[in-house]
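Single-letter residue listing:
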Amino acid sequence: MSKRHGVKYKIDRRMGENIWGRPKSPANRREYGPGQHGQRRKGKLSDFGIQLRAKQKLKGYYGNISEKQFHKIYVEAARLKGDTSENLIGLLERRLDAVVYRAKFVPTVFAARQFINHGHVKVNGRRVNIASYRCKPGDVIEVREKSKQLAIVLESVQLAERDVPDYVVADHSKMTATFTQVPQLADVPYPVQMEPNLIVEFYSR
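Residues numbered from 1 in each chain as written. Predicted model: local features only at pLDDT ≥ 70, side-chain atom pairs only at ≥ 80, totals over all residues. Heavy atoms only, no water.

Where an unreviewed UniProt entry is consulted, the protein appears under the name Small ribosomal subunit protein uS4, with the organism given as Stappia taiwanensis. Here the protein is described in UniProt, under the heading Sequence similarities (unreviewed entry), as follows: "Belongs to the universal ribosomal protein uS4 family." Heading Subunit (unreviewed entry) of the UniProt record for the protein holds this comment: "Part of the 30S ribosomal subunit. Contacts protein S5. The interaction surface between S4 and S5 is involved in control of translational fidelity." (UniProt positions renumbered as here; feature names shortened; annotations may be inferred.)

Here is the structure:
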């Protein structure tokens, strides 16, 4: 498991955007970055800076994946047939922590990672405790029986701030979800605009 460094809401502040669409995000109140010099950092970004920000935003969205892990996913996306930026999104959305988050079993992607690491999730009937486990279309993800009444689960399924996307079919009465297909960028319900094409440019420099 890769340790997350830093506070998650600082990612919002640094980007100047509410990247998860959470009502508690400080980006809703302060448009400037964190730190004593945050209000002065308004200079125009270079092309490199724009590409770097796009990478940091997408990397942060998926639980602040480490640079090593993220680059590895990019390399794999570049090897696959088709559009590299679409492949990148598809690989990220196939992560088990992303699917558990999309199914609304937990409130945040950070909580999804911890939930999986603590052994609360099964895939096709087998317990999986690796957040980066890659789901395939048709995989059935379920919350273990003894974990279905956890407060975090019961509260999360009631959240009105986001919906379950079409490529995940969730049954909250049984706490199961089926990953039906690998999504395209347009299918993913990001609260803010993601630009994986800029990430391709960043790594292609």
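Still more to cover.
## Observations concerning the packing of helix H3 (residues 67–79) against helix H8 (residues 196–203)
Direction vectors running N to C along H3 and H8 enclose 100 degrees, while the axes themselves pass 11 Å from each other. With respect to H8, the axis of H3 lies roughly perpendicular. Counting all contacts with H3, which are made through Glu67, Phe70, His71 and Tyr74, the residues of H8 involved are Ile199, Val200 and Tyr203. The class makeup of the residues in the contact of H3 with H8 is five nonpolar, one polar and one charged. (Axes fitted to C-alpha atoms, helices over the stretch in contact; angles between N-to-C directions. Helix = DSSP H or I, 4+ residues; strand = E, 2+ residues; numbered from the N terminus. Parallel < 35°, antiparallel > 145°, perpendicular 65-115°, else oblique. Contact = heavy atoms within 4.5 Å. Nonpolar A, V, L, I, M, F, W, Y, C, P; charged D, E, K, R; others polar.)

## Description of the confidence of the model for the protein
Per-residue confidence for the protein gives a mean pLDDT of 87; residues scoring 70 or more make up 80%. The low-confidence segment residues 1–6 (pLDDT under 50) makes eight contacts with residues lying over four places distant or belonging to another chain. (pLDDT = per-residue confidence, 0-100.)

## Points about the sheet that holds strand E2 (residues 126–127)
Strands pair in a sheet through their backbones, by hydrogen bonds, and they do so in one of two ways: parallel or antiparallel. Strand order across the open sheet formed by five strands is E2-E1-E3-E5-E4, with antiparallel pairing between neighbours. Every other strand in the sheet has two partners, leaving E2 and strand E4 (168–171) as the edge strands with one partner each. The sheet contact formed by strand E1 (residues 121–123) and strand E3 (residues 140–143) spans three bridges and is antiparallel. Bridging from a neighbouring strand, Val121 pairs with Val143 of E3. (Pairing = 2+ DSSP bridges.)

## What to know about the pattern of salt bridges
Inspection of every chain in the model, using the stated rule, returns six salt bridges. Of the charged contacts in the structure, one is a salt bridge between Glu76 and Arg134, with a shortest N-O distance of 2.6 Å. Taken together, the positions of Glu76 in helix H3 and Arg134 in the loop between E2 and E3 put the pair 58 residues apart, joining distant regions of the chain. On the basis of relative accessibility, which here comes to 28%, the residue Glu76 falls in the partly exposed class. Given the relative accessible area of 29%, Arg134 is considered partly exposed. (Salt bridge = Lys/Arg side-chain N within 4 Å of Asp/Glu carboxyl O. Buried < 20%, exposed > 50% of the residue type's maximum accessible area, 1.4 Å probe, protein only.)

## Re the nonpolar core
Formed by 50 residues in total, the largest nonpolar core has its most connected members in Leu58, Tyr62, Leu88, Leu96, Val100 and Ile141. The leading source of residues in this core is helix H6 (residues 109–117), at six residues. Summarising the domain contributions, this core has at least three residues from each of domain 1 (3–33 + 44–92 + 189–204) and domain 2 (94–185). Those residues in contact with Leu88, other than ones at most four positions away along the chain, are Leu58, Phe70, Ile73, Tyr74, Ala77, Pro196 and Ile199. (Core = buried A, V, L, I, M, F, W, Y, C linked by side-chain atoms within 4.5 Å. Domains from an automatic or database assignment.)

## Considerations on H3
With 13 residues, H3 should cover 18 Å at 1.5 Å per step; its first-to-last C-alpha distance of 18 Å lies within 8% of that length. Residues of H3 that are buried: Phe70, Ile73, Tyr74 and Ala77. Looking straight down H3, one finds its buried side chains confined to an arc of 100 degrees; they lie on one side. Exposed and facing more than 90 degrees away from the buried side of H3 are Lys68, Lys72 and Arg79. In this structure, the buried side of H3 is in contact with helix H2 (47–61), helix H4 (84–93) and H8. (Expected span 1.5 Å × (residues − 1). Arc of directions from axis to C-beta.)

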